[in-house]
Each structure stands twice: as C-alpha cells, then as structure tokens.
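For reference, the chains in residue letters:
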Amino acid sequence: MLAAISYDPLVHISLGPLNISPHGVGIAVGFLLGARLMLPAAAKRGITDDDVYALLTRAAIGAIIGARLAYVINHLGDYDSLTEVLQVWKGGISLLGGFAGAIALALPEMRRRGLSFWKVMDAAAPGMALGVIVGRVGDLIVGDHLGKPTDFALGYRCPTVETASPCIGDVVHQTALYDLGMTMVLLGVLLWLRRTPRYDGFLILVFGAAYGVQRLIEDFLREDVRRFGLTGSQWTAVTTLVVCLFCLVIRRRTPWWGRWEKTEPDPEPEPEPEPEPEPGPEVAEAPEPEAAEAPEPEAVVEIPEPAVLADPPPIWVPPTPDTGLDAPKTEEPEEAPTMAEPAGEPAGDSTDKHEE
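**Observations concerning the confidence of the model for the protein**
Low-confidence regions, as indicated by low pLDDT, have predicted coordinates that should not be scrutinised in detail.
At step 1: Scored by pLDDT, the protein comes out at a mean of 81, with 72% of its residues at no less than 70.
At step 2: The least confident element of the protein is strand 2 (residues 18-20), whose mean pLDDT is 80; the most confident is helix 6 (residues 175-193), at 96.
At step 3: Here residues 338-356 is modelled with pLDDT under 50, and outside its nearest four sequence neighbours on either side it reaches 4 contacts, counting other chains as well.

**A word on the side chain of Ser165**
At step 1: Structurally, Ser165 can be placed in the loop between strand 4 (156-157) and strand 5 (171-174).
At step 2: A residue is classified by how much of its surface remains accessible, and Ser165, at 11% relative accessible area, is buried.

**Section: the packing of helix 7 (residues 202-218) against helix 8 (residues 232-251)**
At step 1: At a minimum axis distance of 8 Å, the contact between helix 7 and helix 8 shows a crossing angle of 145°. The two elements helix 7 and helix 8 cross, and the hand of that crossing is left-handed. Contacts between helix 7 and helix 8 pair Phe202, Leu205, Val206, Gly208, Ala209, Gly212, Val213, Arg215 and Leu216 from the former with Ser233, Gln234, Ala237, Val238, Thr240, Leu241, Cys244, Leu245, Cys247 and Leu248 from the latter.
At step 2: Taken together, the residues that form the contact of helix 7 with helix 8 break down as 13 nonpolar, 5 polar and 1 charged.

**As for the packing of aromatic side chains**
At step 1: Scanning all chains against the criterion turns up 8 aromatic pairs.
At step 2: Ring geometry for Phe99 against Phe207: centres 6.0 Å apart, planes inclined by 75°, an arrangement best described as edge-to-face. Note that Phe99 is positioned in helix 4 (residues 95-112) and Phe207 in helix 7, a separation of 108 residues in sequence. Like Phe207, Phe99 is buried.
At step 3: With a centroid separation of 5.8 Å and 5° between ring planes, the pair formed by Phe207 and Tyr211 is classed as stacked. With a gap of 4 residues between them, Phe207 and Tyr211 both fall in helix 7, about one helical turn apart.
At step 4: By the ring-pair criterion, three or more aromatic residues cluster together here, those being Phe117, Trp118, Trp257 and Trp260.

**Examining the environment of Gly143**
At step 1: As for its placement among the helices and strands, Gly143 is situated in the loop between helix 5 (117-142) and strand 3 (146-149).
At step 2: C-alpha of Gly143 to C-alpha of Pro166: the two residues are 23 residues apart in sequence and 9.0 Å apart in space.

**Focus on the sheet that holds strand 5**
At step 1: Overall, antiparallel pairing links the 3 strands, which are arranged 3-5-4 in an open sheet. The two strands at the open ends of the sheet, each matched to only one other strand, are strand 3 and strand 4.
At step 2: Sheet topology places strand 4 next to strand 5; 2 bridges connect them, and they run antiparallel. From the neighbouring strand, Tyr156 faces strand 5, where its bridge partner is Val172.

**A short note on unusual backbone geometry**
At step 1: Phi at His145 is positive, roughly 60°, even though this residue is not glycine.
At step 2: With respect to the element layout, His145 can be found in the loop between helix 5 and strand 3.
At step 3: We note that Arg252 has phi near 55°; this positive angle belongs to a residue other than glycine.
At step 4: Within the secondary structure layout, Arg252 lies in the segment after helix 8.

**Considering helix 7**
At step 1: The terminal C-alpha atoms of helix 7 lie 24 Å apart, and with 17 residues this matches the ideal 24 Å at 1.5 Å per residue to within 8%.
At step 2: Counted residue by residue, helix 7 has 13 buried out of 17 residues, so it is predominantly covered.

**Topic: the nonpolar core**
At step 1: Of all hydrophobic cores here, the largest spans 48 residues; its most connected members are Met110, Leu190, Ile204 and Phe207.
At step 2: Where this core is concerned, the elements lending two or more residues are helix 1 (22-44), helix 2 (49-74), helix 4, helix 5, helix 6, helix 7 and helix 8.
At step 3: When neighbours within four sequence positions are excluded, Met110 is seen to be in contact with Leu55, Leu115, Phe117, Val120, Met121 and Trp260.

**Notes on the state of the cysteines**
Disulfide: a covalent bond connecting the sulfur atoms of a pair of cysteines.
At step 1: On inspection of all chains with the given rule, the structure shows 1 disulfide.
At step 2: Here Cys158 pairs with Cys167 through a disulfide, and the sulfurs are 1.7 Å apart. Note on the Cys158 and Cys167 pair: the S-S dihedral is about -80°, so by sign convention the disulfide is left-handed.
At step 3: Using a relative accessible area of 22% as the deciding quantity, one classes Cys167 as partly exposed.
At step 4: The closest cysteine sulfur to the non-disulfide-bonded Cys247 is located on Cys244, 6.8 Å from its own sulfur.
At step 5: We classify Cys247 as buried; its relative accessible area is 8%.

**Here we look at the side chain of Thr254**
At step 1: Counting through the fold element by element, Thr254 comes out in the segment after helix 8.
At step 2: There is a polar contact of 2.7 Å between the side chain of Thr254 and the backbone oxygen of Asp200.
At step 3: The residues contacting Thr254, other than those within four sequence positions of it, are Trp118, Tyr199, Asp200 and Arg259.

Calculation criteria
- Residues numbered from 1 in each chain as written.
- Predicted model: local features only at pLDDT ≥ 70, side-chain atom pairs only at ≥ 80, totals over all residues.
- Heavy atoms only, no water.
- pLDDT = per-residue confidence, 0-100.
- Helix = DSSP H or I, 4+ residues; strand = E, 2+ residues; numbered from the N terminus.
- Contact = heavy atoms within 4.5 Å.
- Buried < 20%, exposed > 50% of the residue type's maximum accessible area, 1.4 Å probe, protein only.
- Axes fitted to C-alpha atoms, helices over the stretch in contact; angles between N-to-C directions.
- Left-handed = near helix turned anticlockwise from the far one by under 90°.
- Nonpolar A, V, L, I, M, F, W, Y, C, P; charged D, E, K, R; others polar.
- Phe/Tyr/Trp six-rings, centres within 6.5 Å; stacked < 30°, edge-to-face > 60°.
- Pairing = 2+ DSSP bridges.
- Expected span 1.5 Å × (residues − 1).
- Core = buried A, V, L, I, M, F, W, Y, C linked by side-chain atoms within 4.5 Å.
- Disulfide = S-S within 2.5 Å.
- Polar contact = N/O pair within 3.5 Å; in protein donor to acceptor, adjacent residues only side chain to side chain.

Structure below.
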C-alpha cells in the first residue's frame, strides 16, 4: 500500500443542549444549493419561482420520509419498535430513497399546476448532482459509508475514535469519497449537456443512468445487507439504469407519461395604445382661403327652328305642242288646302293664262 487517508472524524457537534450532526448539515446545505441551481434552469423552461418553491417544499418533506423508509425496509432486523423507526436523528437514511420520496410527493403538485414532469426534472438534475456532492462532504466529515478492507491508495485508515459507520480493518474503502469524485464529473457533464437544446427528459435520464452505474459499482465495495447478491440500493440502481437506458437508446424522445403542460392557448395580449405626440412649439395657423363665388350662368338665347311646310309648292310645267303624239300625262299635285289663291285673278285653269 502506497498511502492511506487518515483523519479523525467529527460525528457530532455539541451546542449547549443541541447535538448537531455535520452529516445532517451537509444534507440540508446540499438541498438548498441544489435548489438555487435549479431556479434559473426552471425559468428558462417556463417554470416560475413560485412553482419551484411549492415543489421544493413538498420535495423536502418527501425526501425525509423516503430516505428513512427505504433504509428501514432494507434493515428491518435493526429495529424493535416503531419508536426506533421514527428516531431519524440517530442516523440511517438512504440517498436513493430520498430521491424517490421527494419526487413522489412533488408529483401531485406538478400535475395540479400543469407542469411537465420532464421539464421540472431536467431543471433539477444538475441541482440533484450538486446536492449529492455537498452531502458526501458531510459523510466524509463524520466517517460514514466505510467499506471493505483494501490496500488502495485512497483507502481510509480506521481511527481510534468513533466513526458514523463501523470501520472494520486497518484500511477500508471510503465509498463516500469515490461517490463525491464521480458525481463532480457527472455535474460537469450535465452542465455541459444543458447548453444544447434537447428533448424534455434528456438531462434527468442521463443523470439516472450515470448515477445508477455509480451506485452499482460502489456498493460492491460496501459492507451492507444483500439480497440475491445485491444491496437494496443496487437493485434500485439497476432498475433505474434499465429504464433510463431504454428511453435514451431505444425511444430517444420524451416519454409519453408526465406531459402535463397546460394546453390552453395563452390569451392574446391587448394592443398597446399608441403614444401621444409630444407637444411642440405653437405655430400660428394659416387662415383658411375664402371660397370663391360661383359665376352667374350666362343667358341662353333660344333660336327658333325654321317652319317646315307640310306639302311642297306646285311645280309649273310648260305646255307641250301638239305633235300628234300623246304627251305623257303628268299628275298635277293637289293644291294644298292651306295655300290661298292670289288676289285679282279669276279662278280657272292655270294653263289659259299662258296661251298666246
């Protein structure tokens, strides 16, 4: 063995009548910092701060219940009464159980507010990784999650003082340190991936798959209760890993479940009133031109139309000399009834007047 990490853990801090665990402080600070990292990511996805605070309030309560319940189920033989089960301050919680409880209690509120489960979880994924990192710092301070004996250079040399979990051997695996390092890498990957727009649910599926692999590997180095060769956390990690890989590799799109966005169209914004023009310097108004008087119409002289005679005057024809040939008879036009005979001449045949 080249080297080993050695320090005395600080399991409890006494402040008068209070007995505070750095482990619990690490969990609380990790939750708050993760929530702070979630807020701007949620705003980009159309989720308001009020929505986030409402969800986080329920998630905090659900995390406590889920973390304790998962640990108790996996260690039923360690408790003799319900009172011991409720003594959470004495330790015994499960990180994956905390995740499950937080999500389960926040789900009804997501649906009631019409929020997409996948958008909320994508916004929360980097914050969940950050919360794990800060929480693992608390585990290192109290000496928790100590594993099997090892000669690895990053092993932890068992101290002579109390540790949060049993330290069996000289140098053991410090699985909290391994989880801290791998989760820091995972946080960097998530922050890099979220820079590119992707389908809803992508980030949380990557987180679930990657952290599932981490826990599957780490728990082989732990001293814990096993069923069918795996710990309770490993069975949870395997289930999560299979589901996430199916969605990432096979479906490659947002799962159909959990799409609770509001489908009602947003009301159209009312048109903004046009700004009134700023008053400028007063300008004297030009007088309006007077309307020109219309010219009087010119008098129209009516010219009488010439009278038209009903019948034309008779045409005089000279007599034809007697040549023994019958002259062509010509029809004399009838005298117009309206024509008057000339005065001083006797009425008779008009041909007698011109005979020589």
